[in-house]
Amino acid sequence: MSDAAKLLLDGKEAGFGVRHGTIGPDVVDIASLYKDTGVFTYDPGFTSTAACESKITFIDGDEGVLLHRGYPIEQLADKGDFLEVCYLLLYGELPTQQEREDFIYRVTRHTMVHEQMTKFFTGFRRDAHPMAVMVGSVGALSAFYHDSTDITDPHQRMVASIRMVAKIPTLAAMAYKYHIGQPFVYPRNDLSYAENFLHMCFAVPCEPYKINPVLAKAMDRIFILHADHEQNASTSTVRLAGSSGANPFACIAAGVACLWGPAHGGANEAALNMLSEIGSKDRIPEFIARAKDKNDPFRLMGFGHRVYKNYDPRAKIMQQTCHEVLDELGLKDDPLLEVAMELEHIALHDEYFIEKKLYPNVDFYSGITLKALGFPTTMFTVLFALARTVGWIAQWKEMIEDPQQRIGRPRQLYTGATRRDYVGVDQRS
Ligand code: SDX
């Protein structure tokens with residue numbers, strides 16, 4: 001690493017090394033900046049800050065590229081399945097046939113949760129938002145699995161990872177069933193990951209539930225599209241929580257909490273609510289005008305992205321999946337889809353959105369698809385959290401295994417009061 005970057009500050013010069021990745025932007029290593037110059041960098045939204053080194057996911061926002069361990073998302077979504085992507089994210093390579101079968105066997109046999117977890121759910125109001133239930137129940141897993149929380153033990157780190165991937169669909173389905181007042185449905189070992197999730201959500205004790213293979217394939221692909229996405233807000237939250245050595249289940253619960261925000265994973269629920277509020281194509285100009293109005297906090301939900309300044313590659317696949325599901329269910333004239341497609345067309349030709357490089361993101365079409373699959377909007381972000389859990393746990397594991405790893409502790413630009421002495425209440429005006 002050469003001293004290829006120099007900073008001239010108050011007449012003094014400081015040099016910093018530049019590190020090169022395999023692809024993507026170089027980084028200036030400023031770890032010694034404060035020691036050398038007495039100043040901090042300032043980047044509150046982390047728009048120009050690499051917080052870690054990673055080998056898991058690469059995104060190129062200008063080119064609309066998303067690679068998982070080097071494999072394009074388009075190929076993984078077309079040719080792979082979700083558990084294979086989970087293996088890839090966790091182990092770094094696509095599994096051989098034997099590795100695949102072994103991984104599926106291990107995940108399948110960790111899908112049940114401790115029976116006492118059912119008691120945990122009964123503490124929530126039935127109308128509690130399922131994401132509130134997920135934050136609580138995922139965190140509660142740390143109370144049950146002390147045997148896989150020695151994060152210094154590589155075997156236990158993998159056991160905790162497998163447990164997280166295996167149990168998150170069960171918890172998500174339990175959150176849904178509790179929300180609608182139906183009995184919990186236990187996981188079944190004879191079903192695939194996506195089939196099992198649909199069965200746990202939509203089966204009832206009164207009659208057999210028939211899996212629709214087209215819908216199961218669409219569910220599996222939706223999980224693939226949401227599996228991991230570099231250092232997004234919730235993944236960074238998991239990494240920061242994990243940097244203190246916290247229990248991995250508690251770290252994932254922190255990720256669930258962060259994902260809930262409408263600027264992040266909550267956008268799929270917000271996007272569908274927005275499409276419903278727009279209601280018809282003739283009201284689109286009114287909402288486009290609001291999105292452009294600086295004095296109106298309204299934003300087009302499902303549009304824009306911190307990194308993608310081109311089309312989100314996941315959004316294209318999501319749109320195709322949306323059409324497949326609606327066609328299979330005979331809903332291709334869904335008015336929400338018509339509004340969404342017209343809104344996308346208008347926005348993509350509007351100077352404001354072109355100039356600000358605002359394109360549909362993964363959340364724009366997912367809501368229509370999930371609604372067609374039978375989920376209420378309150379479950380949309382739960383499904384995002386279900387899929388993203390493998391990305392969070394893979395990134396957590398990579399952080400723990402990084403020899404450079406230390407507790408994350410950002411500094412600040414202080415603009416508050418300077419030192420002053422205490423004044424007794426009788427002397428305050
Ligand atoms: C996800 O990071 C990830 O990888 C996230 C994610 C993942 O897989 O983990 O991809 C998942 O979170 C996707 C994003 C879902 N969020 C939404 O769809 C909510 C709507 N989008 C915005 O809130 C916004 O675009 C963000 C939060 C996604 C990105 O925000 P940035 O990068 O901080 O951009 P910004 O807010 O600075 O916006 C830049 C400009 C602003 O205008 P100016 O102040 O420059 O005049 O674009 C405008 C914004 O007002 N703008 C929008 C807009 N998004 C940005 N204007 C109208 N509608 C929008 N949606």
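Report follows, based on the coordinates. Just so it is clear, the structure is predicted and the values come from calculations on it, not from any experiment. (Residues numbered from 1 in each chain as written. Predicted model: local features only at pLDDT ≥ 70, side-chain atom pairs only at ≥ 80, totals over all residues. Heavy atoms only, no water.)

**Quick notes on the overall build of the protein**
Short version of the rule: The way it works is that DSSP assigns letters per residue, a run of H or I at least four long becomes a helix, a run of E at least two long becomes a strand, and they are numbered from the N terminus. Here the globule rule is a power law, 2.2 Å times the number of residues to the power 0.38, and the radius of gyration is based on C-alpha atoms. When a residue's accessible area, from a 1.4 Å probe over protein chains only, is under 20% of the maximum for its type it is buried; when over 50% it is exposed; and in between it is partly exposed. A contact between two residues is defined here by any heavy atoms of the two lying within 4.5 Å.
If you tally the helices and strands in the protein, you get 18 helices and 7 strands. On C-alpha atoms alone, the protein measures out to a radius of gyration of 23 Å, which is about the 22 Å that the 2.2 N^0.38 rule sets for 429 residues. Along the first, second and third principal axes, the C-alpha set of the protein runs to 75 × 60 × 60 Å. Residues counted as buried form 48% of the 429 residues belonging to the protein. Taking the contacts inside the protein whose residues are at least 6 apart along the sequence as the reference set, 70% of them involve residues at least 24 apart.

**Let's talk about the packing of helix H8 (residues 193-202) against helix H9 (residues 213-225)**
What counts here: The axes used here are C-alpha line fits, helices contributing only the stretch in contact, and every angle between their N-to-C directions lies in the interval 0 to 180 degrees. Angle categories are assigned with fixed cut-offs, so that under 35 degrees is roughly parallel, over 145 is roughly antiparallel, 65 to 115 is roughly perpendicular, and the rest are oblique. Here the term charged refers only to Asp, Glu, Lys and Arg, the term nonpolar to Ala, Val, Leu, Ile, Met, Phe, Trp, Tyr, Cys and Pro, and the term polar to all other amino acids, Gly among them.
Their axes nearest at 8 Å, the elements H8 and H9 cross at an angle of 110 degrees. Here H8 is positioned roughly perpendicular relative to H9, judged by the angle of their axes. Residues Tyr193, Ala194, Glu195, Phe197 and Leu198 of H8 form the contact with H9, whose participating residues are Leu215, Ala216, Met219, Asp220 and Phe223. Grouping the constituent residues of the contact of H8 with H9 by class yields 8 nonpolar, no polar and 2 charged.

**Side note on the nonpolar core**
For clarity, the cut-off: Throughout, nonpolar core names a set of buried Ala, Val, Leu, Ile, Met, Phe, Trp, Tyr and Cys residues whose side chains join them through atoms within 4.5 Å.
Membership of the largest hydrophobic core comes to 120 residues, with the highest contact counts inside it found for Phe197, Met219, Leu300, Leu343 and Phe375. Non-local contacts of Met219, meaning those with residues more than four positions away in its chain, are made with Ala194, Phe197, Leu198, Leu370, Leu373, Phe375 and Leu383. Membership of the second largest hydrophobic core comes to 5 residues, among which are Ala5, Ala14, Val18 and Leu33.

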